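Commentary on secondary and tertiary structure
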Amino acid sequence: MPLFAYKALNAKGAVTAGEFDAADRTEALRVLDRKGLQPVSLTETATAAAASVRKTGGKPQAEATSGASGKEEKIPEGPIKLKRQEVVLFTEELSDMLSAGLQLEPALKSMENRQELGNLKAVSFKIRQVVRDGVNFSVALKKASPSFGPLYCSLAAAGEASGALDTILKRQAHYLKTLADLQSRLILAMIYPAFLVLAGIGASVVFVTTLIPQLTALIASTPGGKIPIGAAILIGASAFLKKWWIVMLLVIVGAAIFFKAWKDNEANKPTWDRIKLKLPLAGPVITSRFYVQFLETMANLVANGLPLLRALELSRDATYNRSLRMELDRVIEQVGDGRSFSKALIRSGAFPALLIDMVSVGEQTGKIDVSLRRAAERFDKDLDKDLQRIMALIMPTVLIVMAVLIGTMAYLMITAIFQTISALH
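The following refers to the structure shown. Computed from a predicted model, the values in this text were never measured in an experiment. (Residues numbered from 1 in each chain as written. Predicted model: local features only at pLDDT ≥ 70, side-chain atom pairs only at ≥ 80, totals over all residues. Heavy atoms only, no water.)

Moving on, we come to the packing of aromatic side chains. Tallying each qualifying case throughout the model produces 11 aromatic pairs. For the ring pair Phe-290 and Tyr-291, a centre distance of 5.6 Å and an interplane angle of 50° mean the geometry is tilted. Using a relative accessible area of 6% as the deciding quantity, one classes Phe-290 as buried. Using a relative accessible area of 9% as the deciding quantity, one classes Tyr-291 as buried. Pairing Tyr-291 with Phe-379 gives two aromatic rings, centres 5.1 Å apart and planes at 55°, and the pair type is tilted. (Phe/Tyr/Trp six-rings, centres within 6.5 Å; stacked < 30°, edge-to-face > 60°. Buried < 20%, exposed > 50% of the residue type's maximum accessible area, 1.4 Å probe, protein only.)

Shown next, in the form of structure tokens:
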């Protein structure tokens, strides 16, 4: 078994040194961690002549970790899924600790010892172990949990490169909370329209399957009675649905499966991303969100001293939409050829004039990070207005649709009744 020599800081901040046996470097780090030591250096010096009982004993840390109460808790194997609220809580806690001056590993250790964080204890432990092995924080996030997602990990990588990880995480927490708030507002706003839609569908079914057939039968039995063409169309449609509803359901399910397979295909994702940008209501929201994220990321990276070209590359990596990422590739290529940032944005043709003007002002004043942050605030306000506009349109749209549906049914019924009365006279 290999023999490791170490120098480390104990809980009082004093330097201590020694040697011990461990299976590998990862296990050696875990041994130091169990002893409460913060390693300064750790080197493999030799191989022990014979295997011996490990000095530290206890359960492997891959299976157990000690919380604030000292009680050992099992850590699940493999990636751990988190709820969105847990991701937000993790991001807020970690960004606050980093802003207070803690290094990444002690901050993760502190979160690991927090009893009330639930699954975040295990995730913090997994991330800390990977980080201690010399792996980047963004890579550790991917290994620990799939719930962080590619966008989150890309932004974390940008924060590591710029030295502004706390700021990036704080903004990401704000974004996640905004997204969660939007979804909750959308669900609340859709409760009443959903009841209206269900009531309208129920009324339509009763009209088509019961009332209109009875009324048309009465009209047909009346001398000189004539079924209105609208009622005849509805009766024909009802009969068609009764006969072929299984086939139509299978066609709809098949089309949905085919569409999902098509958009999940790697070759079709750029096309689907372009289509999403052109959708009537969702398109402007996606585009505005991209501007906000791009400008905030660029502002943080440039403010922390990264070269413009490198900041653009990291911002591109943090962009989830492939169509927008291709536009950033064009901008990066032109900036790499020596053109100014604003000129590259103009040549791309995918960025609004307001954004380009603010970037140009930042280039002229030498405070491009300030201009980028102001532009991000401006587009953030526009994004909030777009979201409020969508929320305001939901209710009137549903009411109009229901009014047209029920009104059409009522018109056909009244028309049929008047025709019946006219025939009787």
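Having seen the structure, we can now continue with the description.
Of note, Ser-145 is situated in the loop between helix H5 (137–144) and helix H6 (149–162). Owing to a relative accessible area of 1%, Ser-145 belongs among the buried residues under this scheme. Within the structure, the side chain of Ser-145 is placed 2.5 Å from the backbone oxygen of Ile-80, a separation counted as a polar contact. Aside from chain neighbours lying at most four places away, what touches Ser-145 is Pro-79, Ile-80, Lys-81 and Leu-82. (Helix = DSSP H or I, 4+ residues; strand = E, 2+ residues; numbered from the N terminus. Polar contact = N/O pair within 3.5 Å; in protein donor to acceptor, adjacent residues only side chain to side chain. Contact = heavy atoms within 4.5 Å.)

The subject of this paragraph is the pattern of salt bridges. For the coordinates displayed, the defined rule picks out 13 salt bridges. In this structure, Glu-313 and Arg-310 form a salt bridge, with 3.4 Å as the shortest nitrogen-oxygen distance. Here Glu-313 and its partner Arg-310 are both found in helix H11 (residues 308–317), three residues apart, which amounts to about one turn of the helix. Overall, the relative accessible area of 38% leaves Arg-310 in the partly exposed class. Of the charged contacts in the structure, one is a salt bridge between Glu-327 and Arg-330, with a shortest N-O distance of 2.8 Å. On the criterion of helical spacing, the pair formed by Glu-327 and Arg-330 is a turn pair, its members being three residues apart in helix H12 (residues 322–336). Residues participating in the shared-partner salt-bridge network are Glu-266, Lys-269, Asp-273, Lys-276 and Arg-322. (Salt bridge = Lys/Arg side-chain N within 4 Å of Asp/Glu carboxyl O.)

With that settled, the discussion passes to the side chain of Ser-323. Residue position: Ser-323 is located in helix H12. Other than its neighbours up to four places away in sequence, Ser-323 contacts Pro-270, Asp-273, Arg-274 and Leu-277.

Attention now goes to the environment of Ser-348. Considering the arrangement of structural elements, one finds Ser-348 in helix H13 (residues 341–348). Taking the C-alpha atoms as reference, Ser-348 lies 9.1 Å from Gln-334; in sequence the two are 14 residues apart. If sequence neighbours within four positions are ignored, Ser-348 has contacts with Glu-327 and Val-331.

Let us now look at helix H4 (residues 119–132). Its 14 residues place the ends of H4 20 Å apart at the C-alpha level, agreeing with the 20 Å of an ideal helix rising 1.5 Å per residue. H4 sits mainly inside the fold: 13 of its 14 residues count as buried. Note on H4: the residue one or two positions beyond its end, Gly-134, has a positive phi of about 95°. (Expected span 1.5 Å × (residues − 1).)

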